[in-house]
Each structure stands twice: as structure tokens, then as C-alpha cells.
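Structural overview
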Amino acid sequence: MSNDNKVVKSGIWYTISNFLSKGILFLATPIFTRLLTKAEFGTFSTFSSWLNIFMIVITLNVEASLISARFDFEKKLDKYVFSSLALSTTSTLIFAIVCNVFMGPVSSFLEIKPLYINCIFAYLLFFPALQLFQTQERYFFRYKTSTALSLASSIGSCLLSVALVYTVSNKLSGRIFGHILPTVIIGLFLYILIAVRGRSIDFRFWKYTLKVCLPYIPHLLSMTILKETDRIMITKFCGEEETALYSVAYSVAMIVTLLMNALNGAFSPWLAEKLSKEEYSTIRKSSKLYIGLFVIFAVGLLLLAPEVLYIMGGEAYMEAKPIMIPVAVGCMCQFLYTLFVNVEQFYKKTVGMAIASVSAAVLNYLLNLWLIPRFGYIAAAYTTLAGYLWLLVIHMLLVRKIKKQHVYSYKFVLLVLAGMGLLAVCAALLYTNNIIRYTFILVYMVLLIVVAWKNKSKLIGFIKK
């Protein structure tokens, strides 16, 4: 097989496995909302949020260093991987010891039982082995093993969680253990494999790893906080049941995120090629179609939000319906600012990205602190929307600062955003009358089919690009 074919196949299978892995977690949500109480589902959501935050800070995100280390230490890469894993392990153990010494106040602050906190540390101890192994496999285009591990971890987590929730008396423990154990088992096996390959730890590699990885942490942490802090603060100010309502409503956004990541995976390489050739008019023209395709999906989500929410959580979660409006508009903002981030990444202007992420996380935290105690969990959806709007504005200004504002039509982007906001208000009014809403959905589908048919040659041409 030629190297080009390996690259293509590896990219395709990585995209498929990533899509399926996250899709499995999404499809499992309706099962768990019906097996767990609201309080249990809310507590697990808080647990997951802290897990995602700790993962970045404690494990040091060591796999990110492989992008350069595979060239700098080509002949010693196995030793480098093992040394990086040992660094992550050391960091995790230090945090685990400190947290266990001060477990009382830590447990009180996190609002998680000590047993579950140690479950987080067990996960963080072995998850980096899985990340490092998969990253190394992908860089050498060995996609089969990486794909199999991703699916085994996701499917194993869902199946074991369902089995334990059904069989054990403490359903929350069953959900958490089911989520943790498959990764711990796979990670332990891979940890041994990496140790055998690396043979010994070279502490000189630690300085290199820290130099590469530490600058990424503020950006990654800020983006994670922007996504996860809502659930943590809702639990603190409102309670686990409100966190459950918010989490189920926001799980709908996972559909949009999956689509967005899949689309961007295809769009960003094409964009990079056109930017390198300075074909700005082609980018502006094609980006309008690209944005239009996403708008079609987002509007459909807005109109069908009550039905999607019912599928995800059932009747018990329908009171979270008002959250769907800021969720849908927030997804639109995410999609739009990603377009500008792609340009910044191409021109290696990443300092501004970190500043934008940190400022958005701080804004979100302060707004949550102010508004959640006053208006409840619904306010968190609007504070997150404010954070995404802030990111869009900042990234548009950053692209303008590097004098690349001609890549996209700013006027078109702002018109789309204003139109989405107006449609969101209209959709909220339609939620009170299903007959009128279903009529709108029917009209929308007919218009969509007619427009698609009339412009089928343009659409086919764009998709081929």
C-alpha cells in the first residue's frame, strides 16, 4: 500500500472511530436518563465535569508533545513515550496523595464522595497510556488498532455501565464504575506494553515534554471550563436534579458538535490548501454554502427540539425545553468561530487563541456566579451562549488584526447570526402550539427539498470540493 493510501485510510478510519465513539455515548443517554433518578444523573454529570477538568491539569496532556517528538526523537520514540507516561503518572500520584491527605475539604468543595474522587485518579492514572498509544499509532498510520481501542473503550463503557446499573443496588456507583473500568483495564494493558517497549525512563525527556505541553494547558483548560463549569456551579447553587435537567438538554448539542467536527475535518484541509494559494474569492463563495448547510441543520434542531429532548430524557426532562433556544444559538456561534480559528491556526497565530479562550472562561464563570443563584439553571445556558458569542467576536477581530478579514464575508456571518437569533425567538413561541409548529416543520421541509433540487448542481459541486 502506498504512503498516500495509508494516510487517506488512516484519516478516514480515525474520523469514523471518533464519530462512532462519541455517537455511542450520545445514543446511551436516553437509556441512563430512564435508569437513573434525576439526582443520580445530575451527580454523574458533575463527576464527569470534574473528570474532564482534572484530565487536562493533572495528566499534563502529554500526548500533545508527540507531534514534534516523533521527529526530534525518531530513534528513541518508544523511550520518549514511556518517559512521558511516567511524567503523567508522577503528576497524577502527587495530586492523588495531596487530595487524600486533605480529602475532607476536597470532597466538600467538589461535592463528590471520596470513593468517586479516587475513581477519577484511577482513570487518570491509566488513560494517558491509551492516549499516548493511540497517538503514536495514528502518526504511523496504523489505524486498525487505534480504531479498535476507541470502539472497545466506548462500547465497553456503555455496556458495563448499563449492566451494573441494572444489577447493583447503588445505581450511581454502577454508572461511575462502568464508565471507569474499561479504560482502566485497557490502559493498564497498554501501560505494560509501553513500558516493555520503552524499557527505561529518561528523565531528560521530561523537560522537553513540559516545555511543549504546559503552554497548551491554559487554552485547553479554559475551553473545558467553558463547557463544564455550568454543571458544577448548578450543582452548588441549585442541586443535582437541576444539573440533570441542564445536562440532558445540553446533550442534544452533542449531535451538533459531532456534525461540526465531522464537517470541519473535511473543510479545514480544503481551506488550508486554498489559503496557501491565496484563492480568497473561492473561499468566500464556498464558505457561504458551507455555513448555509449548517444553518439548515441548526434550524431543524430548533424546530424539533422538544421531540429530541423527549427522546433523550422522557417526560421528566421536558421542563428543560427553554434551554434548547440558547443551546442551538450557542452551537451556531461555535461553528462560526471555528471558521476563524482555522485561519488563525493556518497562519500560526495561536497566542490570541489562548487569550480568547481564557477570557471566555472567566466571563462564563463570573456570569454564572452572578446569574445562577438569581435565575436558576436556565441562566447557565445563556451564560454559555455569552461565552461563545464572546469567542466569535474575539476570533473575528483576531483574523482582522492579521489582515485576513477578506477570507470570509463578515457581513454574511453577522447576518446569519442575527437570523439565527430571530429564528430562535420564533421557535420558542412555537413550542407552546404543536399544531402551528408541525405546520412550520412541514413547510420548512418542503422548501428545503425545493431549494436543494433547484441548486443540486451547486451542492454536488461543493460536496465534491
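Anyway, here's the lowdown on the structure attached to this text. (Residues numbered from 1 in each chain as written. Predicted model: local features only at pLDDT ≥ 70, side-chain atom pairs only at ≥ 80, totals over all residues. Heavy atoms only, no water.)

Our next topic: the overall build of the protein. In terms of regular secondary structure, the protein is built from 19 helices and zero strands. Rg of the C-alpha trace for the protein: 23 Å, near the compact-globule value of 23 Å for 465 residues, within the 12% margin. Along the first, second and third principal axes, the C-alpha atoms of the protein reach 65 × 55 × 40 Å. When contacts within the protein are restricted to residue pairs at least 6 apart in sequence, those whose partners lie at least 24 apart make up 82%. Split by element, the accessible area of the protein, about 22,300 Å² in all, is 70% carbon and sulfur. Separation between the mean location of the 43 positive side-chain charges and that of the 21 negative ones in the protein comes to 9 Å. (Helix = DSSP H or I, 4+ residues; strand = E, 2+ residues; numbered from the N terminus. Rg over C-alpha atoms; globule rule 2.2 N^0.38 Å. Contact = heavy atoms within 4.5 Å. Areas by Shrake-Rupley, 256 points an atom, 1.4 Å probe, with all protein chains shown as cover. Lys, Arg positive; Asp, Glu negative; His and termini not counted. Charge placed at Lys NZ, Arg CZ, Asp CG, Glu CD.)

Turning to the packing of aromatic side chains, a few remarks are in order. Where two aromatic rings form a pair, the distance of their centres and the angle of their planes describe that pair. As enumerated under the stated definition, the model contains 19 aromatic pairs in all. Ring centres 5.4 Å apart and planes at 15° place the aromatic pair Phe-73 and Tyr-80 in the stacked group. Taking 5.1 Å as the distance between ring centres and 55° as the angle between the ring planes, the aromatic pair formed by Tyr-290 and Phe-335 counts as tilted. Here Phe-335 lies in helix H14 (residues 324-346) and Tyr-290 lies in helix H13 (residues 280-313), a separation of 45 residues in the sequence. As far as the burial class goes, Tyr-290 and Phe-335 line up, both buried. Here a set of aromatic residues connected by ring pairs shows up, and it is made of Phe-73, Tyr-80, Phe-205 and Tyr-208. (Phe/Tyr/Trp six-rings, centres within 6.5 Å; stacked < 30°, edge-to-face > 60°. Buried < 20%, exposed > 50% of the residue type's maximum accessible area, 1.4 Å probe, protein only.)

Glancing now at the nonpolar core. Counting residues in each nonpolar core, the largest one holds 87 residues, and the members touching the most others are Ile-323, Met-332, Phe-335, Leu-336, Leu-339, Phe-340 and Tyr-408. Ranked by residue count, the leading element in this core is H14, at 15 residues. (Core = buried A, V, L, I, M, F, W, Y, C linked by side-chain atoms within 4.5 Å.)

Before going further, it helps to examine the packing of helix H15 (residues 351-375) against helix H16 (residues 378-401). At their nearest, the axes of H15 and H16 sit 8 Å apart, and the two run at 155° to each other. Considering their axes alone, H15 and H16 lie roughly antiparallel with respect to each other. Viewed along their axes, H15 and H16 form a crossing whose handedness is right-handed. The residue makeup of the contact of H15 with H16, split by class, is 16 nonpolar, nine polar and no charged. (Axes fitted to C-alpha atoms, helices over the stretch in contact; angles between N-to-C directions. Parallel < 35°, antiparallel > 145°, perpendicular 65-115°, else oblique. Left-handed = near helix turned anticlockwise from the far one by under 90°. Nonpolar A, V, L, I, M, F, W, Y, C, P; charged D, E, K, R; others polar.)

Moving on: the packing of H14 against helix H17 (residues 410-430). It is at 9 Å that the axes of H14 and H17 come closest, and there the two elements cross at 170°. In terms of axis orientation, H14 runs roughly antiparallel to H17. In this structure, H14 contributes Ile-325, Ala-328, Val-329, Met-332, Cys-333, Leu-336 and Phe-340 to the contact, and H17 contributes Tyr-410, Val-413, Val-416, Leu-417, Met-420, Ala-424, Ala-427 and Ala-428. Looking at the contact of H14 with H17 residue by residue, the classes come out as 15 nonpolar, no polar and no charged.

Moving on: the pattern of salt bridges. In the structure shown here, the tally under the stated rule is six salt bridges. Note that Lys-277 is salt-bridged to Glu-273, the shortest N-O span being 3.2 Å. Between Arg-437 and Glu-307 there is a salt bridge whose closest N-O contact spans 2.8 Å. Note that Arg-437 is positioned in helix H18 (residues 434-454) and Glu-307 in helix H13, a separation of 130 residues in sequence. (Salt bridge = Lys/Arg side-chain N within 4 Å of Asp/Glu carboxyl O.)

Here the focus is the side chain of Ser-49. Position of Ser-49 among the secondary structure elements: in helix H2 (residues 38-59). When its relative accessible area of 0% is taken as the criterion, Ser-49 is described as buried. Separated by 2.9 Å, the side chains of Ser-49 and Glu-228 make a polar contact. Contact partners of Ser-49, with chain neighbours within four places excluded, come to Glu-228, Arg-231 and Ile-232. (Polar contact = N/O pair within 3.5 Å; in protein donor to acceptor, adjacent residues only side chain to side chain.)

If you trace the backbone, Val-329 turns up in helix H14. Take Val-329: its relative accessible area is 9%, and that puts it in the buried class. The sequence separation of Val-329 and Tyr-444 amounts to 115 residues, and the corresponding C-alpha distance is 18 Å.

Tallied over the entire structure, the rule returns zero disulfides. For the unlinked cysteine Cys-99, the closest cysteine sulfur is that of Cys-119, found at 14 Å. Take Cys-99: its relative accessible area is 14%, and that puts it in the buried class. No disulfide involves Cys-333; its sulfur sits 9.3 Å from that of Cys-331, the nearest cysteine. With a relative accessible area of 0%, Cys-333 lands in the buried category. (Disulfide = S-S within 2.5 Å.)

Phi angles above zero are rare outside glycine, and Arg-199 is one such case at about 70°. Within the element layout of this structure, Arg-199 appears in the loop between helix H8 (171-198) and helix H9 (204-213). The residue Glu-278 is not glycine, and still its phi comes out positive at about 60°.

This next bit is on helix H11 (residues 240-251). Along its 12 residues, H11 runs 16 Å from first to last C-alpha, staying within 8% of the 16 Å computed at 1.5 Å per residue. Extensive coverage of H11 is indicated by the burial of nine of its 12 residues. Along H11, the residues that are buried comprise Thr-243, Ala-244, Leu-245, Tyr-246, Ser-247, Val-248, Ala-249, Tyr-250 and Ser-251. (Expected span 1.5 Å × (residues − 1).)

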